[in-house]
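Observations on the three-dimensional arrangement
The primary structure of each chain is shown beneath.
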Amino acid sequence: MNPNPTVIVWAHSPPWCSAISRQLSQFRLSWVLSYDSLYDEALKIAASAVVMEIPDKSFDFFPANLARLDNNSFQIKTFTVGKLPNPLWEQELRMLGNCGHYGTLVEFPSLEKAIRRHHQHRINGEKSIEQNVWANLPWPTP
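First, a word on what this report is: a plain description of the structure on this page.

Rules of the game
Numbering of residues begins from 1 in every chain and follows the order in which that chain's sequence is written. Per-residue local features are limited, in this predicted model, to residues with pLDDT of at least 70; the limit for side-chain atom pairs, both in listing and counting, is 80 or more; totals at the level of whole chains, interfaces and linings are taken over all residues. Hydrogens and water molecules were not included; the side-chain quantities draw on all heavy atoms of the structure. Strand pairing follows a simple DSSP-based rule, namely that at least 2 bridges must link the two strands. The secondary structure listing takes helices from DSSP runs of H or I that are at least 4 residues long and strands from runs of E that are at least 2 residues long, numbered from the N terminus. Lines fitted to C-alpha atoms define the axes, with helix axes restricted to the stretch in contact, and inter-axis angles between N-to-C directions lie between 0 and 180 degrees. The contact rule is simple, with two residues in contact once any of their heavy atoms fall within 4.5 Å.

Remarks on the sheet that holds strand β3 (residues 49-53)
Sheet architecture is open: five strands sit in the order β2-β1-β3-β4-β5, paired in parallel fashion. At either margin of the open sheet sits one strand with a lone partner, and together these are β2 (28-31) and β5 (98-102). The sheet shows a mean angle of 25 degrees between the axes of neighbouring strands, direction not considered. Bridge count for strand β1 (residues 6-10) against β3 is four bridges, and the pairing is parallel. Opposite Val-7, over in β3, you have Ala-49 as the bridge partner. The strands that helix α2 (residues 35-44) touches are β1, β2 and β3; relative to β1, the one it contacts most, it runs at about 165 degrees. In the packing of helix α5 (residues 108-121) onto the sheet, the strands contacted are β1, β3, β4 (77-81) and β5, and the crossing angle to β4 comes to about 175 degrees.

And the structure:
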């Protein structure tokens, strides 16, 4: 499996864009310009994760669209960054399939570890279900 996962990024503010490109530079970053293009990109490439900046203006469309990303054939996991307008929204985001929220730049090492851990443990989509079952058995197989 490729050691450098692909991460789809949707960020809109210069500080977060800069931080993501600096702190997650060991990954292959695929940048998108809008939320709709993020969903389209997630359907096209075998990325391991999506990192999204919380919208700063309208949060209305965000939860429904985040739930669309939770069910995908590439096993992409979503992570959010940015300031939450309401701290209770972190729990709501988790219920919609978000794997973690990172509100400050200090938390980027945790984000990097979470993405890498998910990438290492996801099932390789290029193999059949049977091949994946045999490869992941807890005992040696012929």
